[in-house]
Amino acid sequence: MKKIGILGGLAWPSTVEYYSGICRLAEGRHAADKLGGLARMPEIAIESLDVATAISLLGDDHDEASWAGFDAYHRAGLQRLQHSGADFAVIASNTAHHRFAQITHDMGMPVVNIVTTAAAMCARIGVTRVLILGTMPVMQSVVLRSAFAEYGVEAASLRNARAQRRIATTIYALQNGRIDGAAKLIHAIVAETGAGRLRGRTAIYLGCTELPLAFPEQKNTEVFEAGGTLYLNSTALHIQAAFQFATREPRPCEH
């Protein structure tokens, strides 16, 4: 198996899910194959960044130079993973994928893209519209919407400032281990948008790797329904893509 590099710490609770999720998939495959002894695990290197530093380095899309520190901070982490012997990497953060092209430019190893992985799933299951929930850079990102559009999926995000603040508050709570009431709040915000009444098959993209923690029974499920709404679990989708890449199954979307 290929050695997996995880660029995490953004924030740490979802990084834990990446490690445990990959190991769970390895154990599941071992059990399904009815093999004796210990399950064969992929080697994993984790480069854990400081989320506070990453946030402090966020740039302004009207000023390309303002992103230099953010890009360099994440790129240096990927380079350390590569030097550790990782064959490929995943960035355990949707926000960083707003700058995916700049961060991964000329990297000597593949980096599996969380957004194109989700967009490819939409194409497979017939989802034609997504509502993106996440941090402000994610919800405002033309880059993320374009990634979905390449797979024929129309992506939108919250426009109401109050709803945006409520999602940001929910993400902060989940990053700090406060799960109670988070799923109910997400359902309420989605209901207010009227996403379920839009034409075509619509799904909600949980576009922060902490947001799936609001649904503890579904946190390992790539696509799930809750409260009559279809959700795309960006974390679980990315974990599955990483495991498939490591085990040489059909290649996930990558740059």
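Use the structure listed above.
Nothing here was measured: the structure is a model prediction, and the numbers come from that model. Each chain carries its own residue numbering, running from 1 in the direction its sequence is written. Only residues with pLDDT of 70 or above have their local features reported here, since the model is predicted, and side-chain atom pairs are shown and tallied only from 80 upward, although totals for entire chains, interfaces and linings are computed over all residues. Remark: hydrogens and water are excluded; side-chain values derive from all non-hydrogen atoms of the structure.

A.B. asks: I'm lost on the overall build of the protein in this one. Help?
C.D. replies: To qualify as a helix, a DSSP run of H or I must reach at least 4 residues; to qualify as a strand, a run of E must reach at least 2; elements of each kind are numbered from the N terminus. Tallying secondary structure elements over the protein gives 11 helices and nine strands in all. A radius of gyration in this sense is built from C-alpha atoms; the matching globule rule multiplies 2.2 Å by the number of residues raised to 0.38. For 255 residues, the compact-globule estimate of 2.2 N^0.38 gives 18 Å, and the C-alpha radius of gyration of the protein, at 18 Å, lies within 12% of that figure. Each of the three principal axes of the protein carries a C-alpha extent, and together these read 50 × 45 × 35 Å. Working definition: with a 1.4 Å probe on protein chains only, accessible area under 20% of the residue-type maximum means buried, over 50% means exposed, and in between means partly exposed. Taken over 255 residues, the protein has a buried fraction of 52%. Sequence-distant contacts, at least 24 apart, represent 71% of the contacts inside the protein between residues at least 6 apart. Should any heavy atoms of two residues lie within 4.5 Å, those residues are considered in contact.

A.B. asks: Would you explain the packing of helix α1 (residues 12–32) against helix α11 (residues 234–246) in this entry?
C.D. replies: Following both chains from N to C, one finds α1 and α11 inclined at 55°, their axes separated by 9 Å at the closest point. With respect to each other, α1 and α11 are oriented oblique. Judged by the sense of rotation from one axis to the other, the crossing of α1 with α11 is right-handed. Contacts from Glu17, Tyr18, Gly21, Ile22, Leu25, Ala26 and Arg29 in α1 reach Thr235, His238, Ile239, Gln240, Ala242 and Phe243 in α11. Each residue is assigned to one class: nonpolar for Ala, Val, Leu, Ile, Met, Phe, Trp, Tyr, Cys and Pro, charged for Asp, Glu, Lys and Arg, and polar for all the others, Gly among them. Looking at the contact of α1 with α11, its residues break down into seven nonpolar, four polar and two charged. Axis definition: a line fit to C-alpha positions, over the contact stretch in the case of helices; interaxial angles, taken between N-to-C directions, run 0 to 180 degrees. In what follows, roughly perpendicular refers to angles from 65 to 115 degrees, roughly parallel to angles under 35, roughly antiparallel to angles over 145, and oblique to any angle outside these ranges. Crossing handedness is read from the near helix: turned anticlockwise from the far helix by less than a right angle, it gives a left-handed crossing, and turned clockwise, a right-handed one.

A.B. asks: Even after reading the chapter, I still don't get the side chain of Thr117, so can you show me in this structure?
C.D. replies: Secondary-structure assignment places Thr117 in helix α6 (residues 114–125). Counted as a polar contact is a pair of N or O atoms within 3.5 Å, where, for protein atoms, one must be capable of donating a hydrogen and the other of accepting one, and residues adjacent in sequence contribute only when both atoms are in side chains. Looking at Thr117, its side chain comes within polar contact range of the main-chain oxygen of Asn113, at 2.7 Å.

A.B. asks: Hey, could you run me through the sheet that holds strand β9 (residues 229–233) in this one?
C.D. replies: Strands belonging to one sheet form pairs held by backbone hydrogen bonds; the direction of such a pair is parallel or antiparallel. Strand pairing is assigned whenever DSSP identifies at least 2 bridges connecting the two strands. Spatial ordering of the open sheet is given by β6-β5-β7-β9-β8, a layout of five strands whose pairing is mixed. Only two strands of the sheet have a single partner each, and these edge strands are β6 (154–157) and β8 (223–226). On average, each strand axis in the sheet is inclined to that of its neighbour by 35°, with strand direction left out of account. Where strand β7 (residues 202–206) meets β9, three bridges bridge the pair, whose relative direction is parallel. Bridged to Ile204 within β9 is Tyr231. Sheet strands touched by helix α10 (residues 182–193): β5 (129–133), β7, β8 and β9. Its angle to β9, the strand with the most contacts, is close to 120°.

A.B. asks: Just checking my understanding: could you explain the sheet that holds strand β1 (residues 4–8) for this structure?
C.D. replies: One open sheet accounts for four strands, arranged β2-β1-β3-β4; its pairing is parallel. Whereas interior strands pair on both sides, the edge strands pair on one side only; in this sheet they are β2 (44–48) and β4 (111–112). Where β1 and strand β3 (residues 88–91) come together, four bridges link them in parallel fashion. Considered in β3, the bridge of Ile4 is made with Phe88. Each of β1, β2 and β3 is contacted by α1, which is oriented at about 160° to β1, the strand it contacts most. This element, α11, spans β1, β3 and β4 of the sheet and lies at about 180° to β3.

The values are spatial; any link to function lies outside them.
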